[in-house]
Amino acid sequence: MVNTDLTSGATGTVQDLTSLVGRSRRIVAFTGAGISTECGVPDFRSPGSPWMRTRPIPFDEFVASDAVRRRAWAHKFEMDDSWRGAKPGRGHLAIRRLADEGRLAALITQNIDNLHQDSGLPADLVIELHGNATYAGCLACGMRHELVPVRARFEATGEAPACDACGGMVKSATVSFGQSMPEEAMRRAHEAVAACDLMIAIGSSLVVQPAARFPAIAKKNGAVLAIVNREPTPLDPIADIVLRGDIGTVMQQVVDNVRFAS
Ligand code: NAD
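Residues numbered from 1 in each chain as written. Predicted model: local features only at pLDDT ≥ 70, side-chain atom pairs only at ≥ 80, totals over all residues. Heavy atoms only, no water.

## Thoughts on the overall build of the chain
Move 1: Of regular secondary structure, the chain possesses nine helices and nine strands.
Move 2: What you see for the chain is a C-alpha radius of gyration of 19 Å, in line with the 18 Å of a compact globule of 262 residues.
Move 3: Dimensions of the chain, computed from C-alpha atoms along their principal axes, come out at roughly 55 × 35 × 30 Å.
Move 4: Out of the 262 residues belonging to the chain, those deemed buried represent 50%.
Move 5: The long-range share in the chain, meaning contacts at least 24 apart out of those at least 6 apart in sequence, stands at 70%. (Helix = DSSP H or I, 4+ residues; strand = E, 2+ residues; numbered from the N terminus. Rg over C-alpha atoms; globule rule 2.2 N^0.38 Å. Buried < 20%, exposed > 50% of the residue type's maximum accessible area, 1.4 Å probe, protein only. Contact = heavy atoms within 4.5 Å.)

## Let's talk about helix H7 (residues 183–194)
Along an α-helix, residues three or four apart share an orientation, since each turn contains 3.6 residues.
Move 1: Relative to the 16 Å expected for twelve residues at 1.5 Å per residue, H7 spans 17 Å between its end C-alpha atoms, a close match to the ideal helical length.
Move 2: In this fold, the buried residues of H7 make contact with strand E1 (27–31), strand E2 (104–109), strand E3 (126–128), strand E7 (198–202) and helix H8 (213–220). (Expected span 1.5 Å × (residues − 1).)

## Here we look at the sheet that holds E3
The strands that make up a sheet are held in pairs by hydrogen bonds between backbone atoms, and each pair lies either parallel or antiparallel.
Move 1: Taking strand neighbours across the sheet as the criterion, the six strands line up as E3-E2-E1-E7-E8-E9 in an open arrangement whose pairing is parallel. Edge positions in the sheet fall to E3 and strand E9 (241–243), since each has one partner strand and no second. On average, each strand axis in the sheet is inclined to that of its neighbour by 15°, with strand direction left out of account.
Move 2: Its contacts with the sheet put helix H4 (residues 90–100) on E1, E2 and E7, and the angle it makes with E2 is roughly 150°.
Move 3: Strand contacts of H8: E1, E2, E7 and strand E8 (224–228), with the helix running at about 160° to E7, the strand carrying the most contacts. (Pairing = 2+ DSSP bridges. Axes fitted to C-alpha atoms, helices over the stretch in contact; angles between N-to-C directions.)

## What about the pattern of salt bridges?
Move 1: Applying the stated criterion across every chain yields a total of 17 salt bridges.
Move 2: The residue Arg-90 makes a salt bridge to Glu-38 at a minimum N-O spacing of 2.7 Å. Of this pair, Arg-90 sits in helix H4 while Glu-38 sits in the loop between E1 and helix H2 (59–64), placing them 52 residues apart in sequence.
Move 3: Residue Arg-90 is classed as partly exposed on the basis of its relative accessible area, which comes to 32%.
Move 4: With its nearest N and O atoms 2.8 Å apart, the salt bridge here joins Arg-187 to Glu-184. Placement of the pair is Arg-187 and Glu-184 together in helix H7, with a separation of three residues, close to one helical turn.
Move 5: Through salt bridges with shared partners, one network takes in Asp-81, Arg-84, Arg-151 and Glu-155. (Salt bridge = Lys/Arg side-chain N within 4 Å of Asp/Glu carboxyl O.)

Interpretation note: all reported values are geometric properties and have no functional meaning in isolation.
If you want it as structure tokens, here you go:
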């Protein structure tokens, strides 16, 4: 296997990662926005990111002001349009292959784009730490709201959506800055990293807390830690293997060449 994707500063090769994957039985993948860039969903921190063009609206501001809620919804629909029709990429499909082989214990993701589910990964393997942008929910009663009717009403009235069932505020099912983390997802993520033998962190700058702690916890619990990201991350010094390659290329090579130990 020719390893053309690595730049200086990386430790380990695609071949090293491939044999690690082959030897591992309980793999946890931890993904960030970088796995979805080849699908046309921009990441958060790379230069020119559209997510950074306007200041993210913190949760307390969303709930405090009707005007802020209207602004948040208008911005959300604009962002949704920018990645409408995105399909899973090679990284998502590689993770799905690990699941098909029975080697994936869990997928912990910071992503909100639903592309892991779209790749066919079983829902019970997916742990979403920052929610999901493809639907909305009522902050008061928790009822799920689909975006098509929410958007139609917003565009017709200009009003921030309210829940049909209880009149509560409706918000995208994503976790905003300052909003509490989803308890069940956090519990499942802790459980997953307590029991994995290989943690692969893919496409994350690993700076958003508390999510970015999970790869470090896995390592502390005895798992091998691999990082695939084109830029350095704060966890590189504790990783067993760091690949600074293109995610789609690296992950596809891994699953195309892996031989799983029986
Ligand atoms: P980030 O933007 O902070 O980091 C992404 C990393 O991926 C960067 O270091 C970048 O260099 C790397 N990268 C991008 N494309 C790559 C490629 N093809 N190959 C290799 N590396 C690549 O993202 P984060 O760490 O996930 O944190 C951002 C936050 O924003 C998360 O909380 C997430 O919820 C949210 N977000 C999600 C999406 C999404 O769902 N796709 C998109 C933008 C932001």
